[in-house]
Amino acid sequence: MGKGFFNVPPAINEPVKTYAPGSPERESVLKQYDEMFNSTVDIPLYIGSEEIKTGNTKPLSPPHDHQHIVGKYHLAEKSHIDKAIANNLEARKKWAALNWEQRAAIFLKAADLIAGPYRAKINAATMIAQSKNIHQAEIDSACELIDFLKFNVEYMAKIYSDQPKSDDGIWNRVEYRPLEGFVYAITPFNFTAIAGNLPASAAMMGNVVLWKPSDSQVYSAKVIVDIFKEAGLPDGVINVVYGDPEMITNTVIESPDFAGIHFTGSTNVFKGIWKKIGNHIDIYKTYPRIVGETGGKDFIIAHPSSNPKQVATAISRGAFEFQGQKCSAASRVYLPKSIADEVLDYVKTDVESFKIGAPNNMENFITAVIHEGSFDKLASYIDQAKEDKDARIHAGGTYDKSKGYFVTPTVIVTTDPKYKTMTTELFGPVVTIYIYEDDKWSETLELVDGTSEYGLTGAVFSACRYTIEEATTALQNSAGNFYINDKPTGAVVGQQPFGGARASGTNDKAGSSQNLLRWVSPRLIKETFVSPVDYRYPFLGE
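- Named according to an unreviewed UniProt entry, the protein chain is L-glutamate gamma-semialdehyde dehydrogenase originating from Joostella atrarenae.
- Of the protein chain, the UniProt comment under Sequence similarities (unreviewed entry) reads exactly: "Belongs to the aldehyde dehydrogenase family."

1. Some remarks on the packing of aromatic side chains
Then comes step 1: Taken as a whole, this structure holds 18 aromatic pairs when the rule is applied.
Then comes step 2: Note on F354 and F365: the rings are 4.9 Å apart at their centroids and 35° apart in plane angle, and the pair reads as tilted. Remark: F365 occurs in the loop between α11 (337–353) and α12 (372–387) and F354 occurs in the loop between α11 and α12; sequence separation between them is 11 residues.
Then comes step 3: F354 sits in the buried class, given a relative accessible area of 15%.
Then comes step 4: On the basis of relative accessible area, F365 is assigned to the partly exposed category, the value being 28%.
Then comes step 5: The ring of F322 has K132 sitting right over it, with the charged end atom 4.4 Å from the ring centre.
Then comes step 6: Residue placement shows R173 over the ring face of W171; its charged tip is 4.2 Å from the ring centre.

2. Here's the deal with the environment of N239
Then comes step 1: Within the secondary structure, N239 sits in strand β9 (residues 238–240).
Then comes step 2: Take N239: its relative accessible area is 0%, and that puts it in the buried class.
Then comes step 3: Sequence separation of N239 and W211 is 28 residues, and the distance between their C-alpha atoms is 6.0 Å.
Then comes step 4: Those residues in contact with N239 that sit more than four places away from it in its chain are Y46, I47, G48, A84, N87, N88, V209, L210 and W211.

3. Some details on the pairing of strand β13 (residues 330–336)
Then comes step 1: The element β13 is extensively covered by neighbouring structure, given that 7 of its 7 residues are classed as buried.
Then comes step 2: Across 4 bridges, strand β12 (residues 298–302) lies against β13 in parallel orientation. Bridge pairing in β13 places I301 opposite Y334.
Then comes step 3: For the crossover that starts at β12, traverses helix α10 (residues 308–320) and ends in the parallel β13, the hand is right-handed.

4. Digging into the pairing of strand β18 (residues 430–436)
Then comes step 1: The buried count for β18 comes to 6 of 7 residues, which makes it a mostly enclosed element.
Then comes step 2: Direction of pairing for β13 relative to β18: parallel, over a ladder of 5 bridges. When the bridges of β18 are listed, V333 appears paired with I433.
Then comes step 3: Pairing between strand β17 (residues 410–414) and β18: 5 bridges, direction parallel. Across the sheet, the residue bridging to T410 is V430, located in β18.

5. Looking at a nonpolar patch on the surface
Then comes step 1: A cluster of nonpolar side chains, namely Y535, Y537, F539 and L540, defines an oily patch on the protein surface of about 560 Å² accessible area.
Then comes step 2: With relative accessibility at 43%, the residue L540 sits in the partly exposed group.

6. Here we look at the UniProt feature "domain: Aldehyde dehydrogenase" (unreviewed entry) in the protein chain
Then comes step 1: UniProt records the feature "domain: Aldehyde dehydrogenase" (unreviewed entry) at residues 62–516, using the numbering of this structure.
Then comes step 2: Within the segment residues 62–516, helix and strand shares are 44% and 18% respectively, and the terminal C-alpha atoms sit 34 Å apart.

7. A word on unusual backbone geometry
Then comes step 1: Phi at Q323 is positive, roughly 55°, even though this residue is not glycine.
Then comes step 2: Tracing the sequence through the fold places Q323 in the loop between α10 and β13.
Then comes step 3: Overall, the relative accessible area of 1% leaves Q323 in the buried class.
Then comes step 4: Phi angles above zero are rare outside glycine, and K509 is one such case at about 55°.
Then comes step 5: Its place among the elements puts K509 in the loop between β22 (501–502) and α16 (513–517).
Then comes step 6: Judged by relative accessible area, K509 falls into the buried class, the value being 12%.

8. Considering the environment of P522
Then comes step 1: Its place among the elements puts P522 in strand β23 (residues 520–528).
Then comes step 2: P522 sits in the partly exposed class, given a relative accessible area of 47%.
Then comes step 3: Counting along the chain gives 343 residues from P522 to L179, while the straight-line C-alpha distance between them is 9.3 Å.
Then comes step 4: The contact partners of P522, leaving out residues within four places of it in the chain, are V174, E175, Y176 and R177.

9. A short note on the sheet that holds strand β5 (residues 71–74)
Then comes step 1: Pairing in this open sheet of 3 strands is mixed, and the strands run β1-β5-β4 from one edge to the other. The sheet is open, and its two edges are formed by β1 (41–43) and β4 (57–60), each paired on a single side. Shown here is a sheet whose adjacent strand axes are inclined to one another by a mean of 20°, direction ignored.
Then comes step 2: Here 3 bridges tie β1 to β5, and the two strands are oriented parallel to one another. Paired with D42 across the two strands is K72, which belongs to β5.
Then comes step 3: Contacting β1, β4 and β5, helix α7 (residues 218–231) crosses the sheet at an angle of about 75° to β1.

10. Digging into the sheet that holds strand β14 (residues 391–395)
Then comes step 1: A sheet is described by the order of its strands in space; here 7 strands give the open sequence β14-β17-β18-β13-β12-β20-β21, paired in mixed fashion. The two strands at the open ends of the sheet, each matched to only one other strand, are β14 and β21 (481–484). On average, adjacent strands in this sheet sit at an angle of 20° to one another, irrespective of strand direction.
Then comes step 2: Sitting on the sheet, α11 is in contact with β13, β14, β17 and β18, with an inclination near 140° to β13.
Then comes step 3: Each of β14, β17 and β18 is contacted by α12, which is oriented at about 115° to β14, the strand it contacts most.

11. A few points about α11
Then comes step 1: With 17 residues, α11 should reach 24 Å at 1.5 Å per residue; the first-to-last C-alpha distance of 25 Å fits that figure.
Then comes step 2: Among all positions of α11, only I339, A340, V343, L344, V347, D350 and V351 are buried. Axial view of α11: buried residues confined to an arc of 140°, hence all on one face. Facing away from the buried side of α11, by more than 90 degrees, are the exposed residues D341, T349 and E352.
Then comes step 3: Close packing links the buried residues of α11 with α10, β13, β14, β17 and β18.

12. Observations regarding the packing of helix α4 (residues 119–130) against helix α5 (residues 134–161)
Then comes step 1: Orientation of α4 relative to α5, taken along the N-to-C sense of each, is 130°, at an axis distance of 9 Å. With respect to each other, α4 and α5 are oriented oblique. You can see that α4 and α5 cross each other, and the crossing is right-handed. Taken together, the residues of α5 that come into contact with α4 (itself represented by R119, I122, N123, T126 and M127) are I134, A137, E138, D140, S141, A142, C143, L145 and I146.
Then comes step 2: Class assignment of the residues belonging to the contact of α4 with α5 gives a composition of 8 nonpolar, 3 polar and 3 charged.

Each value, and the rule that gives it
- Residues numbered from 1 in each chain as written.
- Predicted model: local features only at pLDDT ≥ 70, side-chain atom pairs only at ≥ 80, totals over all residues.
- Heavy atoms only, no water.
- UniProt positions renumbered as here; feature names shortened; annotations may be inferred.
- Phe/Tyr/Trp six-rings, centres within 6.5 Å; stacked < 30°, edge-to-face > 60°.
- Helix = DSSP H or I, 4+ residues; strand = E, 2+ residues; numbered from the N terminus.
- Buried < 20%, exposed > 50% of the residue type's maximum accessible area, 1.4 Å probe, protein only.
- Lys NZ or Arg CZ within 6 Å of the ring centre and 35° of its normal.
- Contact = heavy atoms within 4.5 Å.
- Pairing = 2+ DSSP bridges.
- Right-handed = clockwise from strand over helix to strand, strands pointing away.
- Patch = residues over 30% accessible without salt bridge, like charges linked within 9 Å, V, L, I, M, F, W, Y side chains within 5 Å.
- Areas by Shrake-Rupley, 256 points an atom, 1.4 Å probe, with all protein chains shown as cover.
- Salt bridge = Lys/Arg side-chain N within 4 Å of Asp/Glu carboxyl O.
- Axes fitted to C-alpha atoms, helices over the stretch in contact; angles between N-to-C directions.
- Expected span 1.5 Å × (residues − 1).
- Arc of directions from axis to C-beta.
- Parallel < 35°, antiparallel > 145°, perpendicular 65-115°, else oblique.
- Left-handed = near helix turned anticlockwise from the far one by under 90°.
- Nonpolar A, V, L, I, M, F, W, Y, C, P; charged D, E, K, R; others polar.

Written out as structure tokens, the structure reads:
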């Protein structure tokens, strides 16, 4: 029973550590990396209080050293998914009834655990499992996950405090109930923070969650589980399973208690899940909430007034950080002819200066792509560009998977604005550039808007405020996160709520209160203090 109106600690973005040579954080994470890289883990299913080892396992290998084994994880059968759902629903009885400040305390403690004793471990796990350099791991698995947890607690408190007006003799109040049933969270490989936030944000609002991490992120997901357990998250609130994604999803969607899905992944998978939900709509106790962030074909367009060096830096960072494996990564670029050669020269110089290799060598800016399937796909597009008459390789264009899945950052220049790599999401370190005539600025804006089915992120560079306004208006549906004179990546929780529409998702803005509102079902309670005793209204008088 609540005994007060509680103010949560103010959320402040977690400072990003530098990991400069000689710094204590650098020494700590490298020591942790070596320990984890040279040992093995055996990762079970987490269902209630049980850690289930099915014996049916898959190995865990770093993408930058794919023959090296750092552990294994156990795969679920359908019976385990049924058991996890039943356990979720049993846990819901207490969790949904728990006072909100008690839930808040758990996730605030988790944030402080990440900031302190688990920082090196979660960063090292992300470096090993997802081949992130230390800067990318730090801004993701440490800082962004901390920010998600702390800011979401603040948003939760604000949501609960949002109450309707009351009139004379009545008291109106709204309670924000968790959804009736359980939430299914499907998380991607590319951000440890997203993997932690998707189940945690729904759980924070009183829901129970069945979480299926990406097969390529199980290693760092296990660290998140350890953190939540140490923070005091009760058993059964978030159950964690791995295995055949189609079997798991079908089992979930066939449950009458399925209440919502929190998804980040591919557009085609999300569309398929949406269809399955529609086909089962008659069995559900409530209309499921469908929240998803999917793909992107993110753009940079530069005006002739742009600073060429600034544009080039935005391309080099926006397209190639974390090997281009961000939903927001710059993938198609439109340069005016007057500055195109200068921009391209700067980008080529950057690419040739990149050091490539394993993330524990902190001189390396680029590491490996996530798995062989991604490597092979990217290699095929690079090879095709070498053959096509309407494309040429300006920088990069090499690859090697003998030890790790290394693709050199590659710049393709095309004369066809609808060339395949201008329209297809590649999810790797490949950017395609189209050069337009300076006097075709407005027409090129139309081209940017009409080229892709996606609408996630985009950026405009210009020194002219009139053209900035023109681009902002013309591209209003092209990107849910739109950047002016900046790269289209790097959204910060609490500052740039993230998400896009069109084929990029439902635009429910992770890192904002809009997202948390999807995980509650408000109930209005009206209380009348002195109830009427006569049905007659004054207008009925003689």
